[in-house]
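Examining the three-dimensional arrangement
Next come the chains, spelled out residue by residue.
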Protein chains: 2
Amino acid sequence: MTNVSRALTALADPTRRTIFERLAAQPCAVGALARGLPVSRPAVSQHLKVLKEAGLVIDTPDGASRVYRIDPRGIGAIRHWLDQFWTDALDSFAAFAESKTKEDDKP
Amino acid sequence: MTNVSRALTALADPTRRTIFERLAAQPCAVGALARGLPVSRPAVSQHLKVLKEAGLVIDTPDGASRVYRIDPRGIGAIRHWLDQFWTDALDSFAAFAESKTKEDDKP
DNA sequence: GCGATACGTTAGTCATGACTTACCGTAAGT
DNA sequence: ACTTACGGTAAGTCATGACTAACGTATCGC
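The following paragraphs examine the structure supplied in this document. (Residues numbered from 1 in each chain as written. Chains lettered and ligands numbered in written order. Predicted model: local features only at pLDDT ≥ 70, side-chain atom pairs only at ≥ 80, totals over all residues. Heavy atoms only, no water.)

Around DNA strand D, a shell composed of 23 residues is seen, among which Ser40 and His47 of chain A together with Gly31, Ser45 and Tyr68 of chain B lie nearest. For DNA strand D, the backbone makes up 61% of the atoms found within 4 Å of the protein, where backbone means sugar plus phosphate. At a separation of 3.2 Å, a base oxygen of DNA strand D approaches a polar side-chain atom of Gln46 of chain A. A distance of 2.3 Å separates a phosphate oxygen of DNA strand D from a polar side-chain atom of Ser45 of chain B. Residue assignment for the surface near DNA strand D shows that the elements contributing at least two residues are helix H2 (14-25) and helix H4 (41-53) of chain A together with helix H3 (30-35), helix H4 (41-53) and strand E3 (65-70) of chain B. The element contributing the most residues to the surface near DNA strand D is H4 of chain B, with five residues. Of the residues contributing to the surface near DNA strand D, the split by class is nine nonpolar, nine polar and five charged. (Near = heavy atom within 4 Å. Polar contact = N/O pair within 3.5 Å; in protein donor to acceptor, adjacent residues only side chain to side chain. Helix = DSSP H or I, 4+ residues; strand = E, 2+ residues; numbered from the N terminus. Nonpolar A, V, L, I, M, F, W, Y, C, P; charged D, E, K, R; others polar.)

The structure is reproduced here in structure tokens:
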């Protein structure tokens, strides 16, 4: 399983996306994160584990607490993966659109 | 469920990612697509339905066949969503890295 | 040292979804 | 018209994973 595969799988879950977005806005500890979510704290811990293994977040011990923040490399990996198709997709779409217009000229 | 949500959910599945990547390389019909995959043709049809509802692919009838191609808008939506966090993530990471180096100076 | 707080982990439950088989509609070839 | 190829849909099975409750560990304040 590649990093991109793990990252996409991680971001597919709505709860994990919410966690990810909140961490993007502001680094946060697990408890504070769970208090603002409709799920239990262990659930948040498990989600953070998945996000961490996907390279999307980093954790830093801070006393008894533990602060989580965004890891730019995770986002970068997905961006890079998408960019592989971006130009191809635009070309393919442009060719398709043109063939469409030519077809419309026929009648 | 937003478009980005659907797109991320769609690309989380390995089989759908393979289909998506093959369509990015070359537009293709359902049968030809299924022949190169370890799953049945109905399964491919179901995956294509998900990818289509996510705005990631477009289908065009071609006689008895039906050609699927990449829809750039789907990729664009994910890129735009990621870019929301990109700069924030870099800033956050830079600040974190700096606080780390200062901490290393202490001892 | 002791209670309290903050996290991670485990075990177990339950729902989601990926897959196959069977079936039905549609378009091209003979 | 009949047959063949292409593709979407329905029903049913099975595995994955999201969640909770309970437990164990480490850190801070008294």
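In this section: helix H2 (residues 14-25) of chain B. All names here are of chain B. Given a rise of 1.5 Å per residue, twelve residues ought to cover 16 Å, and the 17 Å separating the end C-alpha atoms of H2 matches this to within 8%. For H2, the full list of buried residues reads Arg16, Arg17, Ile19, Phe20, Leu23 and Ala24. All buried residues of H2 lie within an arc of 160 degrees about the axis, which places them on one face of the element. (Expected span 1.5 Å × (residues − 1). Buried < 20%, exposed > 50% of the residue type's maximum accessible area, 1.4 Å probe, protein only. Arc of directions from axis to C-beta.)

Looking now at the nonpolar core. Leu23, Leu48 and Leu56 of chain A together with Leu23, Leu48 and Leu56 of chain B are the most contacted members of the largest nonpolar core, which has 56 residues in total. Apart from the residues within four sequence positions on either side, Leu48 of chain A is in contact with Ile19, Leu23, Val30, Leu33, Val57 and Tyr68 of chain A. (Core = buried A, V, L, I, M, F, W, Y, C linked by side-chain atoms within 4.5 Å. Contact = heavy atoms within 4.5 Å.)

Below, the discussion takes up the pattern of salt bridges. One side chain can pair with another of opposite charge once the charged atoms of both are near each other. Counted according to the given criterion, the structure contains eight salt bridges over all chains. A salt bridge links Asp71 of chain B to Arg73 of chain B; the nearest nitrogen and oxygen atoms lie 2.8 Å apart. Residue classification places Asp71 of chain B among the buried positions, given a relative accessible area of 2%. Here the residues in one salt-bridge network are Lys52, Asp59 and Arg66 of chain A, joined through shared partners. (Salt bridge = Lys/Arg side-chain N within 4 Å of Asp/Glu carboxyl O.)

The two copies are related by a screw operation: chain A maps onto chain B through 180 degrees of rotation and 0.0 Å of translation along the axis, at an RMSD of 0.0 Å. This pairing of chains is accounted for by a two-fold axis. Of the interface residues in chain A, 100% have counterparts in chain B that sit at the interface too, so the contact is made through matching surfaces. (Least-squares fit on C-alpha atoms with pLDDT ≥ 70 in both.)

Looking now at the pairing of strand E2 (residues 57-62) of chain A. As paired elements, E2 of chain A and strand E3 (residues 65-70) of chain A share six bridges and run antiparallel to each other. Of the residues in E3 of chain A, the one forming a bridge with Ile58 of chain A is Arg69 of chain A. (Pairing = 2+ DSSP bridges.)

All right, on to the protein's contact with DNA strand C then. Neighbouring DNA strand C are 22 residues, the closest being Gly31, Ser45, Ser65 and Tyr68 of chain A together with His47 of chain B. Looking at DNA strand C alone, sugar and phosphate atoms form 58% of those within 4 Å of the protein. The contact in question runs from a phosphate oxygen of DNA strand C to an N or O atom on the backbone of Val30 of chain A, over 3.2 Å. Sorting the residues of the surface near DNA strand C by element identifies helix H3 (30-35), H4 and E3 of chain A together with H2 and H4 of chain B as the ones contributing at least two each.

Purely geometric stuff here, so don't read any function into it on its own.
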